[in-house]
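Inside the fold
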Amino acid sequence: MRESWQERFAEAPDVLLDARRRRTIVPVLDLAVGGDDFVTMAGPCSVETEQQLMATAYRVRNAGARVLRGGAFKPRSSPYAFQGLGREGLKLLAAAREETGLAIVTEVMSECDVPLVAEYADILQIGSRSMENYALLEAAARSGRPILLKRGMMASIADFLRSAQVILSDGNPNVILCERGIRTFETAMRNTFDAAGIALLKQITHLPVIADPSHAAGFRELVPALARIGIAAGADGLLVEVHPDPDNAWSDGEQSLDFEGFAAMMAELEPWIALRGAGLHEENLEQTDSRKSRLAEATA
Ligand code: PEP
Ligand code: MN
């Protein structure tokens, strides 16, 4: 007989879907991530200047984003690359929230920065390079903030689920999983977008799953297609890099959309997002049906 998911992922029992836990909805300000609404998080890779961040915040909000992203602490592959503005960046993010009403997601890289980042952010992002830093996961979990957990670029689904389990075990149920591409032998794209991983996670876990087409692609032309695929695979939202002048961005410019590109993508995605809504409705009906039949059995 085939091994069950419970057996295969026995080290992440609380992350798996069961009769008691069908769907985790993560509250973020007035949003419900993993609920019926599709949630797009967008913004620059790094917070650079007040002008850059404010302009981006207004433009992504007008195009339909609900959460502003932007790194103040940047994990870079090169030690010589821009490392982020730190506390100044966090202050700019908070000011952008104040002005636009958008919630803020930003990365925390080190255990000792957790209290500082948690003071400003609505969602703490754990980056791909930190996914297996359990000390960081535990500290982030204990802050009580929702956690956006990015899949490690070399992490299997089992590794990913174990990291989510660490956060849940530390008493924080508000975990959002994020597929951002994994390393494979393929080098034409920055990473290989694991759409099947999204579909599987949606089938076996109760946690919200979002797709990051930007880091998966590595170049902006591919971002709308990967976003579409992510939605079709069942994602509950997107994390997208947007910059006023991508060619001059301080980090990840090649994969960042400009304002027009982002607005065009969001408009193109509308029918796909509407289809997702229809799918959820069917799922709810199915659940209602199975509840009805259980009820019928119980009362027979
Ligand atoms: C980012 O979101 O800018 C980032 C650094 O992502 P990742 O951790 O997925 O590389
Ligand atoms: Mn980036």
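In what follows, the structure referred to is the one given above.
Within each chain, residue numbers correspond to sequence positions counted from 1 in written order. Think of it this way: whatever chain is written first is A, whatever ligand is written first is 1, and the rest follow in order. Totals for whole chains, interfaces and linings use every residue, but because this is a predicted model, local features are given only for residues with pLDDT of at least 70 and side-chain atom pairs only at 80 or more, for both listing and counting. In computing side-chain values, all of the structure's heavy atoms are included and hydrogens and water are not.

1. Observations regarding empty space enclosed by the protein
Every definition here rests on a 1 Å grid over the protein atoms only: cavities are sets of points where a 1.4 Å probe fits but cannot get out, pockets are open sets enclosed by protein on both sides within 12 Å along at least five of seven lines, and lining residues have some atom within 4 Å of a point. Grid points are joined across faces, edges and corners, and a volume is the space filled by probe spheres set on the points. Taken as a whole, this structure holds 1 cavity of 30 Å³ or more when the rule is applied. Each pocket or cavity is described by its volume, and for the largest cavity that value is around 30 Å³. Contributing to the lining of the largest cavity are Arg-69, Gly-70, Gly-71, Phe-73, Lys-74, Val-105, Thr-106, Glu-107 and Gln-125. Where helices and strands are cited, they refer to DSSP runs of H or I of at least four residues and of E of at least two residues respectively, numbered from the N terminus. Here the lining of the largest cavity takes 3 residues from strand E5 (residues 103-107), the largest share from any one element.

2. Remarks on the nonpolar core
Take the buried residues of types Ala, Val, Leu, Ile, Met, Phe, Trp, Tyr and Cys, join any two whose side-chain atoms come within 4.5 Å, and each joined set is a nonpolar core. Summary of the burial criterion: residues with accessible area below 20% of their type's maximum are buried, those above 50% are exposed, and those between are partly exposed, where the area comes from a 1.4 Å probe applied to protein chains only. Among the nonpolar cores identified, the biggest contains 74 residues, and Leu-149, Leu-161, Leu-177 and Phe-262 are the most heavily contacted of them. A contact between two residues is defined here by any heavy atoms of the two lying within 4.5 Å. Ignoring any residue separated from it by four or fewer positions in sequence, one finds Leu-161 in contact with Phe-9, Ala-12, Val-15, Leu-16, Leu-177, Leu-201, Ile-204 and Thr-205. With 15 residues, the next largest nonpolar core counts Met-41, Val-67, Ile-123 and Ile-176 among its residues.

3. Examining the site of ligand 1
Residues in close proximity to ligand 1 total 13 residues, the closest being Arg-69, Ser-128, Arg-129, Lys-150 and Arg-180. The definition of a polar contact used here is a pair of N or O atoms within 3.5 Å, where within protein one atom must be able to donate a hydrogen and the other to accept one, and adjacent residues in sequence count solely through side-chain atom pairs. Here an oxygen atom of ligand 1 sits 3.0 Å away from a polar atom, N or O, in the side chain of Lys-74. Each accessible area is a Shrake-Rupley result for a 1.4 Å probe, and residues are judged covered by the shown protein chains and nothing else. Alone, ligand 1 offers 300 Å² of accessible surface; in the complex the protein occludes 98% of this. Classes in brief: Ala, Val, Leu, Ile, Met, Phe, Trp, Tyr, Cys and Pro nonpolar; Asp, Glu, Lys and Arg charged; the others, Gly included, polar. In terms of residue class, the shell around ligand 1 is built from 2 nonpolar, 4 polar and 7 charged. If even one non-hydrogen atom of a residue comes within 4 Å of a molecule or strand, that residue is called near it.

4. Concerning the pairing of strand E6 (residues 123-126)
By the alternation rule, side chains of E6 split into Ile-123 and Gln-125 and Leu-124 and Ile-126, which are all buried. Two strands pair if DSSP finds at least two bridges between them. Bridge analysis of E5 against E6 gives 3 bridges, and the strand direction is parallel. Bridged to Val-105 within E6 is Ile-123. Between the parallel elements E5 and E6, the chain passes through helix H4 (residues 114-120) in a crossover that is right-handed. Both E6 and strand E7 (residues 147-150) contribute to a ladder of 3 bridges, which runs parallel. Residue Gln-125 lies in a different strand from E7, and its bridge partner there is Leu-148. Crossover connection from E6 via helix H5 (residues 134-142) to parallel E7: handedness right-handed. Clockwise travel from the first strand over the helix to the second, with the strands pointing away from the viewer, marks a crossover as right-handed.

5. A few points about the coordination of the manganese ion (ligand 2)
At the metal site, the manganese ion (ligand 2) is ligated by Cys-45 (SG), His-215 (NE2), Glu-241 (OE) and Asp-252 (OD), and these contacts range over 2.0 to 2.4 Å. Donor residues for the manganese ion (ligand 2) sit on one chain with the sequence pattern C-x169-H-x25-E-x10-D. Taken together, the residues His-215 in helix H8 (residues 213-217) and Asp-252 in the loop between strand E10 (237-241) and helix H10 (259-299) connect sequence positions 37 residues apart. Assessed through its relative accessible area of 8%, His-215 is described here as buried. Classification of Asp-252 as buried rests on a relative accessible area of 11%. Donors, by definition, are the N, O and S atoms found within 2.8 Å of a metal, the threshold being 3.2 Å for Na, K and Ca, and water is not counted, so a site can look incomplete.

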